[in-house]
Amino acid sequence: VYTAALNGAPTKRLITLGDLAFEAMPTHPELAPVAATTSLLLADADRFALVLESASGPGVSAALRQATQVFDSVQQERILKHSMNKAPASNAALAMAHLAPGLVGYRDVQELLFETLEHRELGSSAALVLSASSDPRVQQRLDDVAKGKGLAAKRAALGRGGDE
């Protein structure tokens, strides 16, 4: 509710409030929605990515949903990659769920998702995104990976509708 009051606030105040909320997040995680909202209102993808490193709670999913409307594909890709490398697994998985489907057509995002199939905490999320792709090359590669051994093969098989 209080984040809705930020709409229309002057840019300088948004920056100040965003900075204060971001700095206080380690001891006051309830300020994460304020930090995320100011990042979205300022269209600051880098700040938004940093917020995802320490934000938690149901507001993360809502903020990521909004991010798909605010940031262009290049910015979304940067947020996705940053989240997958720096954010807690729960936030990285949410970033994958919200951002990756619209980016799976990009070769480097595909590669990152295929590499992530082996990841203990994020592999299932990667498999879900890849399996939803309509690109026949992605589907063929999932089939090829599923024929192998190891965790990536199991995840690829699940993504293709097979058993573990």
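Only a predicted model underlies this, so the values are computations on that prediction, with no experimental measurement involved.

1. Describing unusual backbone geometry
For Ala 43, which is not glycine, the phi dihedral falls at a positive 55 degrees. When you line up the elements, Ala 43 lands in the loop between helix H2 (32-41) and helix H3 (45-54). Note on Ala 43: relative accessible area 40%, which makes it partly exposed.

2. What to know about the nonpolar core
One finds Phe 48, Ile 79, Leu 80, Leu 113, Leu 117 and Leu 130 to be the most contacted residues of the largest nonpolar core, which totals 45 residues. In terms of residue count, helix H6 (residues 89-103) provides more of this core than any other element does, seven residues in total. The residues contacting Leu 117, other than those within four sequence positions of it, are Gly 123, Ala 126, Ala 127, Leu 130, Leu 142, Val 145, Leu 151, Ala 152, Arg 155 and Ala 156.

3. Description of the packing of helix H1 (residues 11-24) against H2
Helix packing geometry: the angle between the two helix axes and the distance between the axes. Between H1 and H2, the shortest axis-to-axis distance is 8 Å and the interhelical angle comes to 145 degrees. In the crossing of H1 with H2, the sense of the turn from one axis to the other is left-handed. Contacts from Leu 14, Leu 17, Gly 18, Ala 21 and Phe 22 of H1 reach H2 at Val 34, Ala 35, Thr 38 and Leu 41. Residue composition of the contact of H1 with H2, by class: seven nonpolar, two polar and no charged.

4. Concerning the pattern of salt bridges
By the definition in use, this model includes seven salt bridges. For Asp 44, the salt bridge is made with Arg 47, and the minimal N-O distance between the two is 3.6 Å. Here Arg 141 makes a salt bridge to Glu 111, at a shortest N to O gap of 2.6 Å. With a gap of 30 residues between them, Arg 141 in helix H9 (residues 136-146) and Glu 111 in helix H7 (residues 107-116) connect regions that are remote in the sequence. Members of the salt-bridge network, linked through shared partners, are Asp 19, Asp 44 and Arg 47.

5. Quick look at the packing of H7 against helix H8 (residues 123-131)
Interhelical geometry of H7 versus H8 gives an angle of 135 degrees and a closest axis separation of 8 Å. Relative to H8, H7 is oriented oblique. Taken as a pair, H7 and H8 cross one another with a handedness that is left-handed. Taken together, the residues of H8 that come into contact with H7 (itself represented by Leu 113, Phe 114 and Thr 116) are Gly 123, Ala 126, Val 129 and Leu 130. When grouped by side-chain class, the residues that make up the contact of H7 with H8 number five nonpolar, two polar and no charged.

6. Looking at the confidence of the model for the protein chain
This prediction gives the protein chain a mean pLDDT of 91; 96% of its residues lie at or above 70. Per-element averaging of pLDDT across the protein chain places helix H10 (residues 151-159) at the bottom with 90 and helix H5 (residues 73-86) at the top with 97.

7. Some words on the environment of Val 129
In this structure, Val 129 sits in helix H8. The buried category is assigned to Val 129, whose relative accessible area is 7%. Sequence separation of Val 129 and Gln 75 is 54 residues, and the distance between their C-alpha atoms is 19 Å. Residues within four places of Val 129 in sequence aside, it is in contact with Met 96, Ala 100, Pro 101, Val 104 and Leu 113.

How each quantity is defined
Residues numbered from 1 in each chain as written. Predicted model: local features only at pLDDT ≥ 70, side-chain atom pairs only at ≥ 80, totals over all residues. Heavy atoms only, no water. Helix = DSSP H or I, 4+ residues; strand = E, 2+ residues; numbered from the N terminus. Buried < 20%, exposed > 50% of the residue type's maximum accessible area, 1.4 Å probe, protein only. Core = buried A, V, L, I, M, F, W, Y, C linked by side-chain atoms within 4.5 Å. Contact = heavy atoms within 4.5 Å. Axes fitted to C-alpha atoms, helices over the stretch in contact; angles between N-to-C directions. Left-handed = near helix turned anticlockwise from the far one by under 90°. Nonpolar A, V, L, I, M, F, W, Y, C, P; charged D, E, K, R; others polar. Salt bridge = Lys/Arg side-chain N within 4 Å of Asp/Glu carboxyl O. Parallel < 35°, antiparallel > 145°, perpendicular 65-115°, else oblique. pLDDT = per-residue confidence, 0-100.

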